[in-house]
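# Inside the fold
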Amino acid sequence: MERSVVYVIPIRSILYKLGLPFFGLLLMLFLVTGCEQGEAGTGVQTGGQVGTPQMEKAAPAVDGRFTADEGESPESRRIVLGFSQLGSESDWRRANSLSIQEAAAEADIELLFENAEQSQEKQFEAIRSFIRHKVDVIAIAPVVQSGWEPILLEIQQAGIPVLIMDRMVEIGDPSLYVTFIGSDFEEEGRKAGKYVLDKLRNVPGPVAVAELRGTEGSTPSIGRGLGFREEVKAREDLHIVLSEQANFTYEEGKAAMKSFLEQKGREIRVLFAHNDDMALGAIEAIENFGLRPGKDIYIVSVDGTRKAFEKMVEGKINSVVECNPLLGPILMQAVKELMAGRTLPKRIVTPESVYTEVTAEREVANRKY
Ligand code: GYE
């Protein structure tokens with residue numbers, strides 16, 4: 001079982017006001033809290049603590065790197081981070097890339113950034129180039145969960161610590177990475193399911209649900225699908241009658257929704273889209289078909305982008321489960337803590353909300369992505 005630590009991401013303005021040292025303190029505080037939770041007999045894994053095989057492997061690599069660097073002390077040289085981003089398929093992803101680039105500049109970390117355009121093979125190439133560059137730390141946002149063990153072993157053999165960010169990898173040996181920073185995707189799916197049950201509680205069945213799934217084999221798509229199903233099974237006359245993989249993109253979401261409507265038309269009462277971009281594409285398809293998104297077909301999606309909020313204000317999306325892409329500051333802080341020889345928790349979860357058409361109006365102006 002994984003140890004979960006909830007960490008509140010301070011927004012940029014707070015960071016500026018309070019200064020980075022405070023942010024460091026905040027993170028340390030939360031790390032300490034996390035450790036205490038892990039030790040308090042909760043049955044959760046404490047793999048990231050000092051003295052575990054996890055950190056024993058990561059620490060010498062970090063130290064070795066410093067001493068190998070022609071006499072420079074850790075303080076006198078910039079940390080070099082290689083980051084393998086999986087693509088630029090959605091607004092979430094673009095916001096995520098920007099957040100990482102900005103946070104690296106702010107933290108004075110040298111960032112080698114590679115965009116793999118949805119190809120795991122390209123991620124491997126990027127990672128091998130980071131190894132050749134002898135970077136200090138490698139961070140990966142993996143496009144799919146499977147197939148990572150060999151490349152992670154290569155990185156481990158090179159003595160470079162790995163941070164997994166956003167999506168997870170499916171591996172047998174947890175010592176191959178230091179920490180996983182990202183959302184609880186099953187929880188996001190459950191939140192979407194809860195909303196659907198609530199919204200339709202007075203609507204007589206049967207209720208036909210259509211689902212637009214994200215990239216096949218990716219952590220968010222697997223988790224959101226599972227969590228949603230777990231929740232909606234409470235209503236026996238609700239069925240997921242259509243489900244298609246639309247890769248988290250606007251265009252594929254639009255095409256899949258068009259085909260759903262051609263198959264089942266008005267029968268569809270609910271659309272669960274695994275992200276906003278697919279929901280926005282689906283809205284166009286629904287309107288082209290002559291139906292009213294948000295009314296004839298209720299829509300719930302995940303992410304919480306500004307564009308989705310605007311559609312919620314118009315009543316065309318009914319609810320959005322938030323998934324926060326602004327992971328740059330946490331990632332950079334984790335890199336610094338790691339390089340300073342500190343222990344990181346094995347799992348860092350980002351807290352997230354749910355918004356509905358009722359709350360959208362007052363929130364839309366606050367959206368940062
Ligand atoms: O929800 C989607 C993006 O991995 C959490 O990927 C991320 C997902 C996000 O393309 O919009």
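One structure accompanies this document, and this report is about it. Position labels on residues start from 1 in each chain and follow its written sequence. Selection of residues for local features in this predicted model requires a pLDDT of at least 70, selection of side-chain atom pairs for listing and counting requires 80 or more, and totals for whole chains, interfaces and linings are taken over all residues.

In a packed pair of helices, the relevant descriptors are the angle between the two axes and the axis-to-axis distance. Only the contacting stretch of a helix is used when fitting its axis, a line to C-alpha atoms as for every element, and angles between N-to-C directions run 0 to 180 degrees. Elements are defined by DSSP. Helices are runs of H or I of four residues or more, strands are runs of E of two residues or more, and each kind is numbered from the N terminus. Direction vectors running N to C along helix α7 (residues 185-199) and helix α8 (residues 219-232) enclose 40°, while the axes themselves pass 6 Å from each other. One way to sum up the angle between α7 and α8 is to call them oblique. Between α7 and α8 lies a crossing of right-handed hand. On the side of α7, the interface is formed by F185, E186, E187, E188, G189, R190, A192, G193, K194, V196 and L197, while α8 contributes T219, P220, G223, R224, G225, L226, G227, F228, E230, E231 and V232. Charged means Asp, Glu, Lys or Arg here, nonpolar means Ala, Val, Leu, Ile, Met, Phe, Trp, Tyr, Cys or Pro, and polar covers whatever is left, Gly included. Here the contact of α7 with α8 is composed, by residue class, of 8 nonpolar, 6 polar and 8 charged. Here the angle decides the label: under 35 degrees means roughly parallel, over 145 means roughly antiparallel, 65 to 115 means roughly perpendicular, and every other value means oblique. When the near helix sits turned anticlockwise from the far one by under a right angle, the crossing is termed left-handed; a clockwise turn instead gives a right-handed crossing. Here, residues touch in the contact sense if the C-beta positions derived from the backbone fall within 7 Å of one another.

Our focus in this paragraph is the pairing of strand β4 (residues 162-165). Note on burial: count the other C-beta atoms lying within 10 Å of the residue's C-beta; 20 or more is buried, 12 or fewer is exposed, in between is partly exposed, and C-beta positions come from the backbone. Of the two faces of β4, the one carrying V162 and I164 and the one carrying L163 and M165 are both buried. Only strands that DSSP links by at least two bridges are regarded as paired with each other. In this structure, strand β3 (residues 137-140) lies alongside β4, joined through 3 bridges in parallel fashion. Among the inter-strand pairings, I138 is bridged to a residue of β4, identified as V162. Note that the unit made of β3, helix α6 (residues 149-157) and β4 has a crossover that is right-handed. For β4 and strand β5 (residues 179-182), the ladder comprises 3 bridges, and the chain directions are parallel. When the bridges of β5 are listed, I164 appears paired with F180. Look down the strands so they point away from you; if going from the first strand over the helix to the second traces a clockwise path, that crossover is right-handed.

Think of it this way: take the backbone, place a C-beta atom on it, and check whether that atom is within 6 Å of the molecule or strand, in which case the residue is near it. Every residue close to the ligand is listed here: E89, S90, W92, R93, D166, R167, P220, F248, N275, V302, D303 and C323. When the residues that make up the shell around the ligand are grouped by side-chain class, the tally is 5 nonpolar, 2 polar and 5 charged. These domain limits were set by an automatic method or by a database of domain assignments. When residues are assigned to domains, the shell around the ligand turns out to be shared by domain 2 (80-183 + 326-349) and domain 3 (185-323), each giving three or more.

What is shown is where atoms sit, not what they do.
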